[in-house]
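These are the residues of each chain, in order.
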Amino acid sequence: MSTFAAYDFSNQKALIRVDFNVPIKEGKITDDTRIRAALPTINKVLQDGGSVILMSHWGRPIKDMEKKPELKKEDFSLSRIVDHLSQLLGRDVQFAPDCIGEEAVQKAATLQPGQVLLLENLRYYKEEEKGDAGFAEKLSQLGDVYVNDAFGTAHRAHASTAVIAQFFPGKKMFGLLMEAEVKAGEKVLHNSEKPFTAIIGGAKVSDKIVIIENLLEKATDIIIGGGMAYTFFKAQGGRIGNSLCEDDRLDMANALLAKAKDKGVNIHLPADSVIADKFAADASTDNADNKHIPDGWMGLDIGEKAIAAFSEVIKASKTILWNGPMGVFEMGKFQAGTRAIAEAVVAATAGGAYSLVGGGDSVAAVNKFGLADKVSYVSTGGGAMLEFFEGKELPGIAAISK
Ligand code: AMP
């Protein structure tokens with residue numbers, strides 16, 4: 001495996017898998033974070049005197065067009081990104097309206113040092129998600145070197161994210177973003193300074209079981225917040241009113257608590273909640289102990305006692321992993337818990353702890369509170385980071401490192 005930073009790209013055509021699956025509304029890119037995250041990699045190749053061929057997916061064209069016949073191929077086109085990318089790079093970006101085939105081959109072949117070519121959406125071909133080797137080989141013919149900078153899709157064994165690497169022996173590498181993601185993840189999972197606190201929140205326990213089980217082997221403390229906490233309280237005989245609960249997971253919740261006890265891992269459940277009489281921004285609110293939530297009310301955020309206890313644990317930590325919000329932070333009345341936890345993570349980081357925020361909604365939360373640059377690392381890959389912390393081997397990483 002070559003190192004991207006040490007590689008000299010002069011007169012080389014770098015075929016870079018990026019994640020340009022950015023939100024677009026009415027033709028306008030509403031959040032270009034993922035595009036910006038790939039710029040250092042692209043610019044390094046260009047500065048070396050190489051050329052860049054970019055490939056990405058956008059949405060799920062085949063599946064979505066089957067479901068909604070009114071959708072057209074153009075609704076998924078990466079051509080909508082060309083102008084914005086050109087602006088960000090300060091140079092014109094060329095576009096190939098098909099990611100394989102004659103035109104793509106021609107445009108790639110005539111690409112000059114300093115030039116950039118963006119290929120059309122890889123997922124116009126079902127072969128991409130199927131991990132088809134023939135399709136991967138056709139893509140591979142466009143470049144001299146393969147660079148994977150798409151951490152967001154590293155958990156998929158797709159043609160462009162994993163299968164293609166075999167066609168670049170000795171010439172396959174992570175881009176700068178991917179390398180940073182892998183380093184941050186490995187630092188937390190394999191080299192954590194203790195105490196290591198994992199903060200796990202979000203709606204469903206069932207989505208987070210595997211990550212919690214894997215973290216029982218690594219962390220000293222696990223904080224559980226968000227909607228998923230109520231399943232634990234119900235499992236312990238608490239009254240949780242109308243709070244979120246997965247009734248088919250009660251035994252599992254108790255089993256997780258028992259396993260943590262066995263392993264000497266401290267599980268911290270929130271003592272109290274901000275409760276609401278309906279799931280709405282204008283609901284009436286109150287505070288309740290989590291084992292005594294009145295009928296007709298639901299817990300939508302952690303309460304003040306929980307905030308105080310969780311903050312203390314976080315501030316005493318040397319390594320922090322945060323995945324999932326503490327409450328319905330999208331609504332003003334239920335954001336205080338998630339904000340306070342974000343602030344505690346920031347304070348711990350300022351005091352020398354290493355903190356990684358990974359997973360869509362906690363990333364959205366730190367961005368919303370303007371705290372993203374005050375934690376050690378914010379991951380760009382929701383599903384990929386989750387699977388990484390579940391202890392799974394990610395195909396996009398394995399294809400390069402093996
Ligand atoms: P996840 O994608 O599983 O991380 O869940 C994130 C979602 O969980 C966010 O949209 C939150 O609004 C939601 N959430 C967090 N806490 C609660 C809660 N107590 N009740 C209902 N939804 C919640």
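Quick caveat, the model's predicted, so the values are computed rather than measured.

What counts and what doesn't
Residues numbered from 1 in each chain as written. Predicted model: local features only at pLDDT ≥ 70, side-chain atom pairs only at ≥ 80, totals over all residues. Heavy atoms only, no water. Helix = DSSP H or I, 4+ residues; strand = E, 2+ residues; numbered from the N terminus. Rg over C-alpha atoms; globule rule 2.2 N^0.38 Å. Buried < 20%, exposed > 50% of the residue type's maximum accessible area, 1.4 Å probe, protein only. Contact = heavy atoms within 4.5 Å. Areas by Shrake-Rupley, 256 points an atom, 1.4 Å probe, with all protein chains shown as cover. Salt bridge = Lys/Arg side-chain N within 4 Å of Asp/Glu carboxyl O. Domains from an automatic or database assignment. Buried area = accessible area lost by both parts, 1.4 Å probe. Pairing = 2+ DSSP bridges. Axes fitted to C-alpha atoms, helices over the stretch in contact; angles between N-to-C directions. Near = heavy atom within 4 Å. Polar contact = N/O pair within 3.5 Å; in protein donor to acceptor, adjacent residues only side chain to side chain. Nonpolar A, V, L, I, M, F, W, Y, C, P; charged D, E, K, R; others polar.

### Topic: the overall build of the chain
Scanning the chain for helices and strands turns up 15 helices and 19 strands. Against the 2.2 N^0.38 benchmark of 21 Å for 402 residues, the chain shows a C-alpha radius of gyration of 23 Å, consistent with a compact globule. Along the first, second and third principal axes, the C-alpha atoms of the chain reach 70 × 50 × 35 Å. By residue count, 55% of the 402 residues in the chain fall in the buried class. Put simply, 72% of the contacts in the chain that link residues at least 6 apart link residues at least 24 apart. Only carbon and sulfur atoms are counted for the fraction: they give 48% of the accessible area of the chain, which is about 17,000 Å².

### Observations regarding the pattern of salt bridges
Applying the stated rule across the entire model yields 15 salt bridges. Between Asp 32 and Arg 36 there is a salt bridge, and its shortest N-O distance comes to 3.0 Å. Glu 217 is paired through a salt bridge with Lys 263; the nearest N and O atoms lie 3.3 Å apart. Residue Glu 217 is found in the loop between helix 8 (205–215) and strand 10 (221–224), and its partner Lys 263 is found in helix 10 (residues 250–263); the two are separated by 46 residues along the sequence. Residue class for Lys 263 comes out partly exposed when judged on its relative accessible area of 39%.

### A short note on the domain arrangement of the chain
Here the chain is described as being made up of domain 1 (13–177) and domain 2 (192–389). Across the boundary between the two partners, domain 1 contributes seven residues, which contact eight residues of domain 2. The junction of domain 1 with domain 2 conceals about 610 Å² of combined surface from both sides, 65% of it contributed by carbon and sulfur atoms. If you sort the residues of domain 1 by the area they bury against domain 2, Phe 151, His 155 and Leu 177 come out on top, with a joint share of 74%. Where domain 1 touches domain 2, the interface holds zero salt bridges.

### A word on the sheet that holds strand 13 (residues 272–276)
Across the sheet, three strands lie side by side as 14-13-16; this open sheet has antiparallel pairing. Taken across any chain shown, the strands that pair with only one partner, and hence form the sheet edges, are strand 14 (285–289) and strand 16 (298–302). Averaged over all pairs of adjacent strands, the angle between strand axes in this sheet comes to 45 degrees, irrespective of strand direction. Here helix 11 (residues 304–315) sits on the sheet and contacts strand 13, strand 14 and strand 16; the angle it forms with strand 16, its principal contact strand, is near 35 degrees.

### Some remarks on the site of the ligand
Near the ligand lie 15 residues; those nearest to it are Ala 203, Gly 227, Gly 299, Glu 330 and Asp 361. Within the backbone of Gly 227, an N or O atom sits 3.0 Å from a nitrogen atom of the ligand. Between Glu 330 and the ligand, the recorded distance is 2.5 Å, taken from a side-chain N or O atom to an oxygen atom. Class assignment for the residues of the shell around the ligand results in seven nonpolar, five polar and three charged.

### Let's talk about the sheet that holds strand 1 (residues 13–17)
Strands sit in the order 5-6-4-1-7-8 across an open sheet of six strands; the sheet is parallel. Lying at the two open borders of the sheet, with one neighbouring strand each, are strand 5 (93–96) and strand 8 (172–174). The sheet shows a mean angle of 25 degrees between the axes of neighbouring strands, direction not considered. Where strand 1 meets strand 4 (residues 51–55), five bridges bridge the pair, whose relative direction is parallel.

### Points about the side chain of Thr 161
Looking at the element boundaries, Thr 161 is found in the loop between strand 7 (145–148) and strand 8. We classify Thr 161 as buried; its relative accessible area is 0%. Of note is the side chain of Thr 161, whose polar atom sits 3.1 Å from the backbone nitrogen of His 158. Sequence-distant contacts of Thr 161, that is, excluding residues within four places in its chain, are made with Arg 17, Tyr 146, Asn 148, Thr 153, Arg 156 and Gly 396.

### Here we look at the pairing of strand 17 (residues 319–323)
Across the five residues of strand 17, five count as buried, placing the element largely inside the fold. On strand 17, burial covers both faces: Thr 319, Leu 321 and Asn 323 on one face and Ile 320 and Trp 322 on the other are all buried. Where strand 9 (residues 196–200) lies against strand 17, five bridges are found, and the strand directions are parallel. Directly across from Ala 198, in strand 17, lies its bridge partner Leu 321. Pairing of strand 17 with strand 18 (residues 354–357) involves four bridges; the strand directions are parallel. Looking across to strand 18, one finds that Leu 321 is bridged to Leu 356.

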